[in-house]
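Chain residues, written in single-letter form:
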Amino acid sequence: MAKELKIAIQGGPASFHDTAARQYFAQDEVEILPCTSFAQLCDTLQQGTADFAVMAIENALAGSILTNYNLLQQHDFSIIGEIWLAIDQNLIALPGQQLHEIETVSSHPVALLQCGDFLKKHNHILPKEASDTAESVRVIREGNQTGAAAIASKQAALLYRMDILQENIADRKDNYTRFLVLSKEPKQKINNAPDKASLILQLPMLGNALGAVVNSLHTHQLHVSQIQSIPALPGNTNQNVAIDIESADTHKLQVAVNELRPLVLDLKLLGLYQTALNPVQLEQQASMAATINSLNLN
Ligand SMILES: O=C(O)C(=O)C[C@]1(C(=O)O)C=C[C@@H](O)C=C1
């Protein structure tokens, strides 16, 4: 029998991390290990209690989760994969509650950020930060809290038998989050053809090292899918930049990474792995395929 994989996530059952982890490891037997913070998630992986960890890194509405780059700098984990998840936020409360009765709304801070317009429109509702979306629903259910709502997925409402007072309350419909899949082992489960590399570069504050880096990547004709300035760890006075580069040719990626080394003070290769398309790209791909199909039929 195949070994059951232990996967650390931030959040509990029916959190977005839970869904992302189950989708990524859909072919495997998994045991999900819920963590109440990203720091705890890293400790769980570091101590070997988990085989892998799933960590949100960016969201279409809230941007990069910069504090997670700090954690990636502090640990020597490898990114072995990624997954995008469509995020559907809903206002959830005890059965029978009405919107005008709600006084507080709790959720993960990133989820609250995604629903800024809703919170501004209903400014009598006090936002409260919690460790995760689904956990906020559980707390209201277990405490039988009237006047309280949570922002979370439809699965969380279903799991805790709660009412959805308002569906799809995020600022934009195309709300999606990218999650990284992390391993403690350097080259664990390196898949057949990695086409993406994630790096953290340390650059001098003076001069144009970033320009030289971009130039070099351009010369190698790589697709630069992300450049993000990230917070420096205490005592570090360099410019810290996270970069994601992509190429169907793995060798080309490796050569490009090696040629960056002399241009920077330090280069940390976070991982070589396979790119995942986000829901918007998947939709565009499907509609392009449908157009080509209809042209071929006519
Ligand atoms: O609270 C959850 O359900 C989570 O999985 C956390 C989290 C995050 O960390 O960004 C995951 C995806 C969504 O963007 C909102 C919150």
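The rules behind each value
- Residues numbered from 1 in each chain as written.
- Predicted model: local features only at pLDDT ≥ 70, side-chain atom pairs only at ≥ 80, totals over all residues.
- Heavy atoms only, no water.
- Helix = DSSP H or I, 4+ residues; strand = E, 2+ residues; numbered from the N terminus.
- Contact = heavy atoms within 4.5 Å.
- Near = heavy atom within 4 Å.
- Polar contact = N/O pair within 3.5 Å; in protein donor to acceptor, adjacent residues only side chain to side chain.
- Areas by Shrake-Rupley, 256 points an atom, 1.4 Å probe, with all protein chains shown as cover.
- Nonpolar A, V, L, I, M, F, W, Y, C, P; charged D, E, K, R; others polar.
- Domains from an automatic or database assignment.
- Phe/Tyr/Trp six-rings, centres within 6.5 Å; stacked < 30°, edge-to-face > 60°.
- Buried < 20%, exposed > 50% of the residue type's maximum accessible area, 1.4 Å probe, protein only.
- Pairing = 2+ DSSP bridges.
- Axes fitted to C-alpha atoms, helices over the stretch in contact; angles between N-to-C directions.
- Core = buried A, V, L, I, M, F, W, Y, C linked by side-chain atoms within 4.5 Å.

**Structural notes on the environment of leucine 71**
As for its position among the elements, leucine 71 is in helix 3 (residues 66-74). For the pair leucine 71 and leucine 41, spaced 30 residues apart in sequence, the C-alpha to C-alpha distance is 10.0 Å. Those residues in contact with leucine 71 that sit more than four places away from it in its chain are Phe38, Ala39, Cys42 and Met55.

**A word on the site of the ligand**
The local shell around the ligand holds 15 residues, among which Phe16, His17, Gln114, Thr133 and Thr177 are the closest. Contact distances for the ligand include 2.8 Å between an oxygen atom and a side-chain N or O atom of threonine 177. Bound to the protein, the ligand loses 100% of the 360 Å² it would expose on its own. Taken together, the elements giving at least two residues each to the shell around the ligand come down to helix 1 (16-24), strand 3 (52-59), helix 4 (109-114) and strand 11 (176-183). For the shell around the ligand, the residue count by class is seven nonpolar, seven polar and one charged. Each of domain 1 (1-86 + 173-190) and domain 2 (90-166) contributes no fewer than three residues to the shell around the ligand.

**Looking at the packing of aromatic side chains**
Evaluation of the coordinates by the stated rule reveals three aromatic pairs. Ring centres of tyrosine 24 and phenylalanine 25 lie 4.9 Å apart, and the angle between their planes is 75 degrees; this geometry places the pair in the edge-to-face category. Its relative accessible area of 26% is what places tyrosine 24 among the partly exposed residues. Ring plane angle 35 degrees and centroid distance 5.4 Å describe the contact between phenylalanine 25 and phenylalanine 52, whose orientation is recorded as tilted. Linking phenylalanine 25 in the loop between helix 1 and strand 2 (30-35) with phenylalanine 52 in strand 3, this pair joins segments that are 27 residues apart in sequence. Phenylalanine 52 shares its class with phenylalanine 25; the two are buried. Put simply, the rings of Tyr24, Phe25 and Phe52 touch in pairs and so form one group of aromatic residues.

**Some remarks on the sheet that holds strand 8 (residues 126-129)**
Read from one edge of the open sheet, five strands run 8-7-9-6-10, paired in mixed fashion. The sheet is open, and its two borders are formed by strand 8 and strand 10 (163-166), each paired with just one other strand. Averaged over all neighbouring strand pairs, the angle between strand axes comes to 35 degrees, with direction disregarded. Pairing analysis gives four bridges linking strand 6 (residues 90-93) to strand 9 (residues 148-152), with the strands arranged antiparallel. The residue bridging alanine 93 from the neighbouring strand is alanine 149, located in strand 9. On top of the sheet, helix 6 (residues 133-142) reaches strand 6, strand 7 (104-107) and strand 9; it is set at about 155 degrees to strand 9, its chief contact.

**With respect to the nonpolar core**
The biggest cluster of nonpolar side chains holds 43 residues, and the ones touching the most others in it are Ile7, Phe25, Val54, Met55, Leu72, Phe179 and Leu182. In terms of residue count, strand 3 provides more of this core than any other element does, six residues in total. Here this core gathers at least three residues from each of two domains, domain 1 (1-86 + 173-190) and domain 3 (192-273). Non-local contacts of valine 54, meaning those with residues more than four positions away in its chain, are made with Ile7, Ala8, Ile9, Gln10, His17, Ala20, Ala21, Phe25, Leu41, Phe179, Leu180 and Val181.

**Considering the sheet that holds strand 12 (residues 196-203)**
If you walk across this open sheet you meet the four strands as 13-14-12-15, and the pairing is antiparallel. Both outer strands of the open sheet, strand 13 (223-229) and strand 15 (266-273), are each paired with one neighbouring strand and no more. Strand-to-strand, the axes of this sheet are offset by a mean angle of 15 degrees, without reference to chain direction. Looking at chain direction, strand 12 and strand 15 are connected through seven bridges and run antiparallel. Bridge pairing in strand 15 links glutamine 202 to aspartate 266. Taken strand by strand, helix 8 (residues 209-219) contacts strand 12, strand 13 and strand 14 (239-246), and its axis lies near 5 degrees from that of strand 14. Taken strand by strand, helix 9 (residues 250-260) contacts strand 12, strand 14 and strand 15, and its axis lies near 5 degrees from that of strand 12.

**Description of the pairing of strand 1 (residues 5-10)**
In terms of burial, strand 1 is largely enclosed, as five of its six residues are buried. Inspection of the sheet shows strand 1 paired to strand 2 by six bridges, in the parallel sense. Opposite isoleucine 9, over in strand 2, you have proline 34 as the bridge partner. In terms of strand pairing, strand 1 meets strand 3 through three bridges, oriented parallel. Across the sheet, the residue bridging to isoleucine 9 is valine 54, located in strand 3.

Scope: geometric values only; no functional claims are made or implied.
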